[in-house]
Amino acid sequence: MRFAPIVVIRTLAFSFALFSTVHSSGQSAWRSSLYPADWVPPTREDGLSFADDAFLQDFSYAGYRMGQASLSPEVESLFDAVDGFGADPSGQVDATAAIQAAIDAAEANGGGIVYLKPGSYRLSVPSGEDRCLQIESSNVVLRGAGPDQTFLFNTTTEMRNRRVIRVRPEDWGSWTSKRSEPILLQRDELGPTRSVQLESLAGLAVGDWIVLHNPATEQFVQDLNMGKGTDGVDWTDALDSLRGLLYLRRIDAIDVANRIVSFDIPTRWSLKQRDGASVWKPASRLTDVGLEGFSIGNQRIDKSGWGESDYTVAGTAAYDAHDSFLIEMRGVVDGWIQNVSSYNPDNDNGVHCLSNGVLLDWCRNVTLYRLRFQNAQYGGGGGNGYMIRLNAAAECLIAECEVGFCRHGIVMWRMQNSGNVVTRCYDHDSGIQLADTQRGTTAGRGSDHHGVFSHSNLFDSNRLERSYFEAAYRGDWGSRPEHGMTSSQCVFWNTVGLDSHANANYIVHSQQFGYGYVIGTSGEASAVRLSEKRPNSAVRTAPDDIVEGEGMGADLVPSSLYQDQLLKRVDSLSADLIFLKTESSLQFRWEESPSFPWVLQKAADLANWQTVVNGAQGELEAPLLPESSFYRLSVR
């Protein structure tokens, strides 16, 4: 069938006559004062300061290929782990070596899809290793038949500091590893910028990857109000551990005469000559690597010792579970994990994972799409029971994910985190661990900016139930450097609270350095907290963060800040709509991406809409009925 091509560009609706969107609540639509209809992304010329000015950054760069490409690009080579390498899909024989052999073959080929057909695959940690499966090359995709058809279960229960699946380059991909001598900046950059002036251009060329680094000096720490305070917290004695700001960027253009280097994504905090801000080329990284279409779980630990600090006591269950992850992705740019769920591999207490779910470390533009991770056995101290943890991640997109029955659902950690977007996610039942036979509570709860100045992130259009979001000063919790100041310039946009957590009468707690923003809340639980988390900390975080539209989020325009900013930045969408009108029907074909999940609706009039299809892919034929005169395609 041939389709008449029509590419949808910056439009949220269409019909056989133009019409405007109707608001379901019947109340008046409103906009944030910080995001007027004529908003444009802030630039260097605006003269803004991250520390001193209230403004919304451009968060549209998050995700795989900056939201401008669908996940799972076509890969020619297929490596069937069952038919080609003898992996047992019955779950009776350990399949670790066979699946790893298929991965190794794909890597030797320069890339390919490692396919796991429907079935159950038993895994274990090989002797002398700290993971079951590992991907170390670009262009490799581990693909199952779907989270309801392909199941991976790990039988190793001594998982301290181990992973079930790890993706990382051989040199580990840290942005701190230098492949060139640092070049100093020749001017301060106090606000968002996509260019810097350098002392020289030695060795730099268009297309190079660079790291923009602002070291953590004593003056830098004092700027953040993190010198010694009345609570004893002092970052000036942990400068090496802080590392400072690190932004991974790619050079777009070079002005040789003025020694100005332009790059692909704006900065997220100030860069100062005083601190020795510089640029260098970093270690290697993986690209176009993905995990998709399977469920993953771990055999439960059948031991005692699940206390808050038992992770430090050898011989306890908590010690064996500590710092284990089902999936780690490290040193990746433009990668993804999609349609992956945790599951219970016949554990009698419902356990999915021993401690943690997914870890991103030294990653940029990675998309986590439609993940469902829950039911942690251990949620004690020391970093356990987190379903999605961003250690050092920038411009990553977490879209349409579900996290629950854990200590913390989604965690942002350290000042190397910035520009990340969490959108359309469902976060429920935090502060919980399963332990031996039944669920119990933990000392931690909620999804949070956990410590050490994770900044300039966006939480957009999310739902919470018996959980909450937090970006607040955390004082002396944690080891050196203490958690302290957790965030600044972070935005909580259009947050829906279905039910409050038992320990909180709010769904967002914002106590950020300088300015933070809570724009639009709604639902049965819609309250916002601005007060101190730790006593006498307001002096570090003043002024109070900005709150607009508490309880009024249902009528906030736009409903999604991320999608609206992406529409403003991108000329053509990553989801193309093609349709052909016949005498009796509309015939559609489109590609869905996590940036643009479409909803197609029809109606007899503009007030009563019926969903034809919600988030589908492929082709669809919708009858043209007399009572359905109007159709619209909108962003969910």
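Criteria and cut-off values
Residues numbered from 1 in each chain as written. Predicted model: local features only at pLDDT ≥ 70, side-chain atom pairs only at ≥ 80, totals over all residues. Heavy atoms only, no water. Helix = DSSP H or I, 4+ residues; strand = E, 2+ residues; numbered from the N terminus. Contact = heavy atoms within 4.5 Å. Areas by Shrake-Rupley, 256 points an atom, 1.4 Å probe, with all protein chains shown as cover. Buried < 20%, exposed > 50% of the residue type's maximum accessible area, 1.4 Å probe, protein only. Salt bridge = Lys/Arg side-chain N within 4 Å of Asp/Glu carboxyl O. Pairing = 2+ DSSP bridges. Expected span 1.5 Å × (residues − 1). Phe/Tyr/Trp six-rings, centres within 6.5 Å; stacked < 30°, edge-to-face > 60°. Lys NZ or Arg CZ within 6 Å of the ring centre and 35° of its normal. Polar contact = N/O pair within 3.5 Å; in protein donor to acceptor, adjacent residues only side chain to side chain.

Visitor: Is there a simple way to think about the overall build of the protein chain in this case?
Guide: Of the regular secondary structure elements, the protein chain holds six helices and 43 strands. Sequence separation of at least 24 residues holds for 78% of the intrachain contacts in the protein chain that already meet a minimum separation of 6. Just so you have it, the protein chain exposes about 23300 Å², and 46% of that area is on carbon and sulfur atoms.

Visitor: Please clarify how unusual backbone geometry should be interpreted in this entry.
Guide: One can expect most non-glycine residues to show negative phi and most peptide bonds to be in trans. Residue Pro481 follows Arg480 across a cis peptide bond; omega there is -10 degrees. Topologically, Pro481 is positioned in the loop between strand 32 (469-472) and strand 33 (491-499). In this structure, the amide linkage connecting Val557 to the following residue, Pro558, adopts the cis form with an omega of -5 degrees. Within the secondary structure, Pro558 sits in the loop between strand 37 (546-548) and helix 6 (561-569). One non-glycine residue, Asn225, adopts positive backbone phi at about 60 degrees. Looking at where Asn225 falls in the secondary structure, it is placed in the loop between helix 2 (218-223) and helix 3 (239-242). Taking relative accessible area as the criterion, Asn225 reaches 31% and is therefore assigned partly exposed. Phi angles above zero are rare outside glycine, and Arg370 is one such case at about 55 degrees.

Visitor: It is not clear to me how the pattern of salt bridges should be interpreted in this structure. Could you clarify?
Guide: Opposite charge on two side chains permits pairing when their charged atoms draw close. With the rule as written, the count across this model stands at 34 salt bridges. A salt bridge links Arg166 to Asp130, with the shortest nitrogen-to-oxygen separation between them at 2.8 Å. On the criterion of sequence distance, the pair formed by Arg166 in strand 8 (residues 163-167) and Asp130 in the loop between strand 4 (119-123) and strand 5 (131-135) is long-range, its members being 36 residues apart. A relative accessible area of 30% means that Asp130 is categorised as partly exposed. Here Glu402 makes a salt bridge to Arg372, at a shortest N to O gap of 2.8 Å. With Glu402 in strand 23 (residues 402-406) and Arg372 in strand 20 (residues 372-374), the pair connects residues that are 30 residues apart, well separated along the chain. Residue classification places Glu402 among the buried residues on the basis of a relative accessible area of 16%. When its relative accessible area of 38% is taken as the criterion, Arg372 is described as partly exposed.

Visitor: Could you clarify how one ought to interpret the pairing of strand 3 (residues 112-116) in this entry?
Guide: Across a regular strand the side chains alternate sides, sitting on one face of the sheet and then on the other. When you tally the buried positions in strand 3, you get four out of five residues, the bulk of the element. Sheet analysis places strand 1 (residues 78-80) next to strand 3, joined by three bridges and oriented parallel. From the neighbouring strand, Leu78 faces strand 3, where its bridge partner is Ile113. Of the strand pairs in this sheet, strand 3 and strand 6 (residues 140-144) are connected by five bridges, and their pairing is parallel.

Visitor: Any chance you could explain helix 1 (residues 96-108) here in plain terms?
Guide: Side chains of residues three or four places apart in an α-helix project in the same direction, reflecting 3.6 residues per turn. Look at helix 1: 18 Å from first C-alpha to last across 13 residues, which is about the 18 Å you get at 1.5 Å a residue. In this structure, the buried residues of helix 1 make contact with strand 1, strand 2 (90-94), strand 3, strand 4, strand 5 and strand 6. Gly110 occupies a position one or two residues after helix 1 and carries a positive phi of about 90 degrees.

Visitor: Help me out: how do you make sense of the side chain of Arg131 in this one?
Guide: Looking at the secondary structure, you find Arg131 in strand 5. Discounting residues that sit within four places of it in the chain, Arg131 has contacts with Gln100, Val125, Pro126, Arg163, Val164 and Arg166.

Visitor: Would you mind showing me how to read the packing of aromatic side chains here?
Guide: For any pair of aromatic rings, the description consists of the separation of the ring centres together with the inter-plane angle of the planes. Counted by the stated rule, this structure contains 14 aromatic pairs. Ring geometry for Tyr35 and Trp39: centres 5.0 Å apart, planes at 40 degrees, overall tilted. Judged by its relative accessible area of 0%, Tyr35 is buried. Looking at Trp39, the relative accessible area reads 10%, which means it is buried. The interplanar angle of 40 degrees and the centroid separation of 5.4 Å between the aromatic rings of Phe459 and Phe492 together place this pair among those described as tilted. A residue pair is termed long-range when its members are at least 10 positions apart, and Phe459 in strand 30 (residues 458-460) and Phe492 in strand 33 qualify at 33 residues. Taken together, Phe50, Phe55, Trp269, Phe453 and Phe513 form an aromatic cluster joined through their ring pairs. The cationic tip of Arg439 hangs over the ring face of Phe405; the distance from NZ or CZ to the ring centre is 3.6 Å.

Visitor: Would you mind going over helix 6 with me for this structure?
Guide: Of all the positions in helix 6, only Leu561, Tyr562, Gln563, Gln565, Leu566 and Leu567 are classed as buried. For helix 6, the side-chain oxygen to backbone nitrogen distance between the N-cap and Gln563 is 3.1 Å, and the N-cap itself is Ser560.

These results come straight from atomic positions and should not be treated as a statement about function.
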